[in-house]
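Spelled out from the first residue to the last, the chains are:
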Amino acid sequence: MRQIDTERNLAKTIFEELRSGIVSGELVPGTLYSVHDLAARLGVSRTPVREALIQLSERGMVRFERNRGARVLQTSLHDLEEVFALRLLLEVPATFRATGRQESGWVADLSTHLAAMRAAADGHDEAAFMAADRRFHHTINAASGNLRLADHVDTLRDTILLRGTSTVDRSRGMHDILAEHARIHELIGAGQARAAAEAMREHLRHTARLLLGQESSETGDAEPPFSLDWTAFPG
């Protein structure tokens, strides 16, 4: 059993290493990487690398090319629009449901993540800020009682990062983003489920508008028509 656990831990470590490399841009979008070369770079056998690439392929981060390796994928503007449409469909009702439950101390965890975001914003540490932002959203989604939803949203966020996109210091500052999360936190703490869900909806819509506008202007691509109607939550 110990050997099995070690193999599992290695596979998880390799997955996180490759995922981080893709998100950071160290593994360049559009570039083809062989399993052999990646294994040599990481100093491991090819088996855990192949397993990690399969997981990344399932997340839409790489595409296998027969007898050649795996190519890191680039996220399009249309992909971004679809991701935010899905996040609106999932996270708005999840916020509504989670606020109505408020059990097992998850609201206290949310406060911890918000405090970490504030500290990172004050220290202008974007990496720490975005990590805490991610934990903030995951905590709410998991508190809805649907862990598959929470994990799926986490995967969708990877799709956004594939493009290397962030609005920090481009369309807005970290303290601006913090204020939107603080409002969501305040309404959740007050037990105002509908208002909290609405605040989450506006946060996601605002982020989508800024990100899509920012990326389309920088690439010269036509901005996709972003729908603002992905807002369903219980009436």
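I will try to describe carefully the structure that is included in this document. (Residues numbered from 1 in each chain as written. Predicted model: local features only at pLDDT ≥ 70, side-chain atom pairs only at ≥ 80, totals over all residues. Heavy atoms only, no water.)

### Describing the overall build of the chain
For step 1, the next point in the chain: For the chain, the count of helices and strands is 9 helices and 3 strands.
For step 2, the next point in the chain: The order of α-helices and β-strands along the chain, N terminus first, is α-β-α-α-β-β-α-α-α-α-α-α.
For step 3, the next point in the chain: Considering only intrachain contacts with a sequence separation of at least 6, the fraction spanning at least 24 residues in the chain is 72%.
For step 4, the next point in the chain: Per element, the accessible surface of the chain, about 11,900 Å² overall, is 51% carbon and sulfur. (Helix = DSSP H or I, 4+ residues; strand = E, 2+ residues; numbered from the N terminus. Contact = heavy atoms within 4.5 Å. Areas by Shrake-Rupley, 256 points an atom, 1.4 Å probe, with all protein chains shown as cover.)

### Details of the nonpolar core
When a protein is soluble and globular, its nonpolar side chains tend to lie buried together.
For step 1, the next point in the chain: Of all hydrophobic cores here, the largest spans 26 residues; its most connected members are Trp106, Met117, Phe129, Phe136, Ile140, Ile184 and Ile188.
For step 2, the next point in the chain: Secondary structure elements with two or more residues in this core: helix H4 (77-101), helix H5 (106-122), helix H6 (126-143), helix H8 (174-189) and helix H9 (193-219).
For step 3, the next point in the chain: Element by element, the count of residues in this core is highest for H5, at 7 residues.
For step 4, the next point in the chain: Ignoring any residue separated from it by four or fewer positions in sequence, one finds phenylalanine 136 in contact with Leu110, His113, Leu114, Met117, His181, Ile184 and His185.
For step 5, the next point in the chain: One finds Leu18, Val35, Val49 and Ala70 within the second-largest nonpolar core, a separate group that totals 17 residues. (Core = buried A, V, L, I, M, F, W, Y, C linked by side-chain atoms within 4.5 Å. Buried < 20%, exposed > 50% of the residue type's maximum accessible area, 1.4 Å probe, protein only.)

### Points about the sheet that holds strand S2 (residues 62-65)
Pairing between the strands of a sheet comes from backbone hydrogen bonds, and it takes one of two forms, parallel or antiparallel.
For step 1, the next point in the chain: If you walk across this open sheet you meet the 3 strands as S1-S3-S2, and the pairing is antiparallel. The open sheet has two edge strands, strand S1 (32-33) and S2, and neither has a second partner.
For step 2, the next point in the chain: With 4 bridges connecting them, S2 and strand S3 (residues 69-72) associate as antiparallel partners. Bridging from a neighbouring strand, phenylalanine 64 pairs with alanine 70 of S3.
For step 3, the next point in the chain: Contacting S2 and S3, helix H3 (residues 46-58) crosses the sheet at an angle of about 120° to S2. (Pairing = 2+ DSSP bridges. Axes fitted to C-alpha atoms, helices over the stretch in contact; angles between N-to-C directions.)

### A word on H8
Helical periodicity: at 3.6 residues per turn, an α-helix aligns residues three or four positions apart in one direction.
For step 1, the next point in the chain: Its 16 residues place the ends of H8 22 Å apart at the C-alpha level, agreeing with the 22 Å of an ideal helix rising 1.5 Å per residue.
For step 2, the next point in the chain: When H8 is considered as a whole, its buried residues turn out to be Met174, Ile177, Leu178, Glu180, His181, Ile184, His185, Leu187 and Ile188.
For step 3, the next point in the chain: Note on H8: the residue one or two positions beyond its end, glycine 191, has a positive phi of about 75°. (Expected span 1.5 Å × (residues − 1).)

### Side note on the side chain of arginine 71
For step 1, the next point in the chain: Along the chain, arginine 71 falls in strand S3.
For step 2, the next point in the chain: In this structure the side chain of arginine 71 is engaged in a polar contact, spanning 2.7 Å, whose partner is the backbone oxygen of glycine 30.
For step 3, the next point in the chain: Discounting residues that sit within four places of it in the chain, arginine 71 has contacts with Gly30, Thr31, Leu32, Met61, Val62, Arg63 and Glu65. (Polar contact = N/O pair within 3.5 Å; in protein donor to acceptor, adjacent residues only side chain to side chain.)

The analysis is restricted to geometry; functional conclusions fall outside its scope.
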